[in-house]
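Topology and contacts: notes
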Amino acid sequence: MTDLAHIRNFSIVAHIDHGKSTLADRLIQETGTVKDRDMKEQLLDSMDIERERGITIKANTVRIDYTADNGEAYVLNLIDTPGHVDFAYEVSRSMRAVEGSLLVVDSTQGVEAQTLANVYQAIDADHDIVPVLNKIDLPASDCDRVAEQIEDVIGIDASEAIQVSAKTGQGIHETLESIVTHLPAPQGTLDAPLKAMLVDSWYDAYLGVIVLVRIMDGTLKKGMRVKFMSNNTLHHVDRVGVFRPEMEMVDSLGPGEIGFLTASIKQVRDTRVGDTITNDRNGTEIALDGFKPAQPVVFCGFFPVDSSEFEDLRDAIDKLALNDASFSFEMETSAALGFGFRCGFLGLLHLEVIRDRIEREYDIELITTAPSVIYHVYMKDGEMIELHNPADMPDPSKVDHIEEPRIKATILVPDEFLGDVLKLCQDRRGIQMDLTYAGSRAMVVYDLPLNEVVFDFYDRLKSVTKGYASFDYQMTGYTEDALVKMSVLVNDEPVDALSTMVHRDRAEMRGRAMCEKLKDLIPRHMFKIPIQAAIGGKVIARETLSALRKDVTAKCYGGDATRKRKLLDKQKAGKKKMRQFGKVDIPQEAFISALKMDS
Ligand SMILES: Nc1nc2c(ncn2[C@@H]2O[C@H](COP(=O)(O)OP(=O)(O)OP(=O)(O)O)[C@@H](O)[C@H]2O)c(=O)[nH]1
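None of these values were measured; they are calculated from a predicted model.

**A closer look at the overall build of the chain**
- The helix and strand tally for the chain stands at 13 helices and 33 strands.
- With 599 residues in all, the chain has 44% of them scored as buried.
- In the chain, once contacts between residues fewer than 6 apart in sequence are set aside, the share between residues at least 24 apart is 69%.

As structure tokens, then:
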């Protein structure tokens, strides 16, 4: 056990790509926590997808021993947090477990939207903050400008900001010294009942559920019985340990320390993040303020391309959900797509990550239906229905009104692109709330309907600003608007998976755009195919796909048999990715692409 005065607990907050993981790697390396020969890039990002995409998804923890210039030995606990908006809730919970933050800003870029969102969470959690200007090895680095920006925009003192290159290692020693001298030691009482915060939990195939804890008071020991206060369940602690970053068992953890326990817990769902863990007898009476559980905000359907893989899909989803309490699902049947699951996510990145994992780790090809938000449908009889799937929209004659979720979006963008950003937000039914300048960058705040954002807003924003804008959002609440369900009929058959909720004023434009897109996406068949968009029984847009005699081998005169066979095989493989609707094959990509808007 380490005495409180020699512990420092901190997290690193940054905008995506500003170098948080690289900095963490250097801190670990400089202190000899991991031997050089075991060092690999982005050590804390353990999942394949994280590595490939270079983003941090799950918060990770590492305990670092550091002997400071004053000769004293310190224990530094770093909790690495994700940077993407979808995972903001993970940032907020890990923030409560530590006392300070390193604020990493890329000195070639400056403050971005997620820098702001994350640093405000650190400020909310009462953190002391050490600004770190990273990437000083690059010629475009401009520390003075960025330090000034940190002071102007965030309002914290940046005069002692540390200048670092996480790449070359320059400034890493100063960073470690600053953690020890500028961040506060944790507080806590040793002779008190155990009070530990459940910071995070995940499933491990060998050890069962691993629970990351921060000890507030008392001691957590191997062999003791503990109580999870939110549901009064008792558990026998069979392991206590710390991450270096590999697991290392210890006998006990005391106040201020961060580590893990295992207790033969089978499911992540049995552990509630933010819960208080105490002794089973004579425990603490007062629980810590719980965190709010993460609520899924985006829903979509997952259907196997090959319907015989439904059970495999169920298995994959079950396994993934065991380890991700924020991912929800229920079975869904679609007239067009057969059996599948309606799944809930924290945002689009979360959706993509789960979809990729199912396709890659479980080797199941999926049809993903259009993402939708949760609408509140108020019926004339006073009942309120939460609509997760536009296909389930009740009979409109019984509906009194519909409310949709809205967000407060903050966008930082260089001046020259401001006009395009304002247009994009306006086109998405946004209401401008604020517009301010920090140097040559503008910060705009918009009130936007979430459903206009979940789909491709972020992609559009990136493309109209050549990647220079940054974006962050918070849910604000529900408001009423004129929303209707738009259905799509292909060859006179409704395709439920293509139903969407749209604003009445935009329905016609959307319907037209969608029919045109589908016309390009659906291959021609031997017969004519009408493609229609309709509201209620009323058709609002129509396209016709003309007929074709499809003989792919016709071109192969000369009678090269292998070439012919190859072409036919190719056609067969292409077919696998299609689903039949009545007599029409619709390719998988149509379900997403048809809904992308061009403005
Ligand atoms: N030249 C230079 N490149 C750096 C430095 N620090 C990080 N990078 C590079 O910047 C990119 C992003 O770094 P990461 O550490 O992955 O960024 P991050 O903030 O952890 O990103 P997320 O985990 O996705 O939030 C990587 O390509 C790094 O190699 C630096 O000091 N100098």
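Now that the structure has been shown, the text picks up again.
**A short note on the packing of helix α1 (residues 20–30) against helix α6 (residues 172–182)**
- α6 packs onto α1 with a crossing angle of 85° between their chain directions and a minimal axis gap of 10 Å. When the axes of α1 and α6 are compared, the pair comes out roughly perpendicular. Only I172, H173, T175 and L176 of α6 make contact with α1, whose side of the interface consists of R26, L27 and E30.
- Split into classes, the residues belonging to the contact of α1 with α6 amount to 3 nonpolar, 2 polar and 2 charged.

**Some details on the UniProt feature "binding site: GTP" (unreviewed entry) in the chain**
- Residues given the UniProt feature "binding site: GTP" (unreviewed entry) here are D17, H18, G19, K20, S21, T22, N134, K135, I136 and D137.
- Judged by the 23 C-beta atoms lying within 10 Å of it, K135 falls in the buried class.
- Every residue in contact with K135, bar those within four places of it in the chain, is listed here: G19, D106, S107, T108, S141 and S165.
- By the secondary structure assignment, I136 is in the loop between β5 (128–134) and α5 (143–154).

**Quick word on the nonpolar core**
- In terms of nonpolar packing, the biggest core is built from 76 residues, with V298, C343, Y375, A409, I411, V421 and V453 touching the most fellow members.
- Sorting elements by how many residues they give to this core places strand β23 (residues 399–414) first, with 6 residues.
- Those residues in contact with V421, other than ones at most four positions away along the chain, are I411, V413, V444, L461, V464, T465 and A469.

**Structural notes on α5**
- The end-to-end C-alpha separation of α5 is 16 Å, in line with the 16 Å expected for 12 residues at 1.5 Å each.
- Listing the buried residues of α5 in full gives V146, A147, I150 and I154. Seen end-on, α5 carries its buried residues on one side only, within an arc spanning 105°.
- The elements touched by buried residues of α5 are β4 (100–106), α4 (113–124) and β5.
- Taken from the residues just after α5, G155 is the one with a positive phi, measuring 80°.

**Examining the sheet that holds β5**
- One open sheet accounts for 6 strands, arranged β2-β3-β1-β4-β5-β6; its pairing is mixed. Every interior strand has two partners, whereas the edge strands, β2 (60–67) and β6 (162–163), have only one.
- Both strand β1 (residues 7–14) and strand β3 (residues 73–80) contribute to a ladder of 6 bridges, which runs parallel. Bridging across to β3, I12 finds its partner in D80.
- Strands β1, β4 and β5 of the sheet are contacted by α4, whose axis makes an angle of about 155° with β1.

**Here we look at the environment of M249**
- Within the secondary structure, M249 sits in strand β13 (residues 247–249).
- Through-space distance from the C-alpha of M249 to that of K222 is 9.5 Å; in sequence the pair is 27 residues apart.
- Beyond its immediate chain neighbours, meaning those up to four positions away, M249 contacts R239, V240 and G241.

**Here's the deal with helix α10 (residues 457–464)**
- Buried within α10 we find F457, R460 and L461. The buried residues of α10 occupy one face: seen down the axis, they fall within an arc of 100°.
- Of the residues one or two after α10, K466 is the one with positive phi, at around 50°.

**Description of the environment of M247**
- Tracing the backbone through its elements, the reader meets M247 in strand β13.
- C-alpha separation for the pair M247 and F260, spaced 13 residues apart in sequence, amounts to 8.8 Å.

**Here we look at the sheet that holds strand β18 (residues 328–334)**
- Spatial strand order, β18-β19-β17-β20: 4 strands in an open sheet with antiparallel pairing. Either end of the sheet is taken by a strand with one partner, and the two such strands are β18 and β20 (366–368). Within the sheet, the average angular offset between the axes of one strand and its neighbour, ignoring direction, is 30°.
- Relative to β20, strand β17 (residues 298–304) runs antiparallel, the two being bridged by 3 bridges. Considered in β20, the bridge of F303 is made with I367.
- Sheet strands in contact with helix α7 (residues 310–322) are β17, β18 and β19 (338–345), and its direction is about 140° off that of β17.
- Here helix α8 (residues 348–361) sits on the sheet in contact with β17, β19 and β20, set at roughly 165° to β20.

Procedures and definitions
- Sequence order as written defines residue numbering, which begins from 1 separately in each chain.
- It should be noted that, the model being predicted, local features are given only for residues of pLDDT at least 70 and side-chain atom pairs only at 80 or more, the latter also being counted only at that level, while totals for whole chains, interfaces and linings use all residues.
- Secondary structure counts use DSSP, requiring at least four H or I residues in a row for a helix and at least two E residues in a row for a strand, with both numbered from the N terminus.
- Whether a residue is buried, exposed or partly exposed follows from its count of other C-beta atoms within 10 Å of its own C-beta, namely 20 or more, 12 or fewer, or something in between, respectively; the C-beta atoms are built from the backbone.
- Remark: residues whose backbone-derived C-beta atoms lie within 7 Å of one another are considered to be in contact.
- Where helices are involved, their axes are fitted lines through C-alpha atoms of the stretch in contact, as for all axes, and angles between N-to-C directions lie from 0 to 180°.
- Angular relationships are summarised with four words: roughly parallel below 35 degrees, roughly antiparallel beyond 145, roughly perpendicular across 65 to 115, and oblique for the angles in between.
- Gly falls in the polar group here, along with every residue not listed as nonpolar (Ala, Val, Leu, Ile, Met, Phe, Trp, Tyr, Cys, Pro) or charged (Asp, Glu, Lys, Arg).
- UniProt positions are given in the numbering used here, feature names are shortened, and annotations may be inferred rather than shown by experiment.
- Connectivity within a nonpolar core runs through C-beta atoms within 7 Å, and the core itself is a set of buried Ala, Val, Leu, Ile, Met, Phe, Trp, Tyr and Cys residues.
- Residue count minus one, scaled by 1.5 Å, sets the expected span of a helix.
- Relevant arc is that of directions from the helix axis to the C-beta atoms, nothing else.
- Strand pairing is defined by DSSP finding a minimum of two bridges between the two strands.

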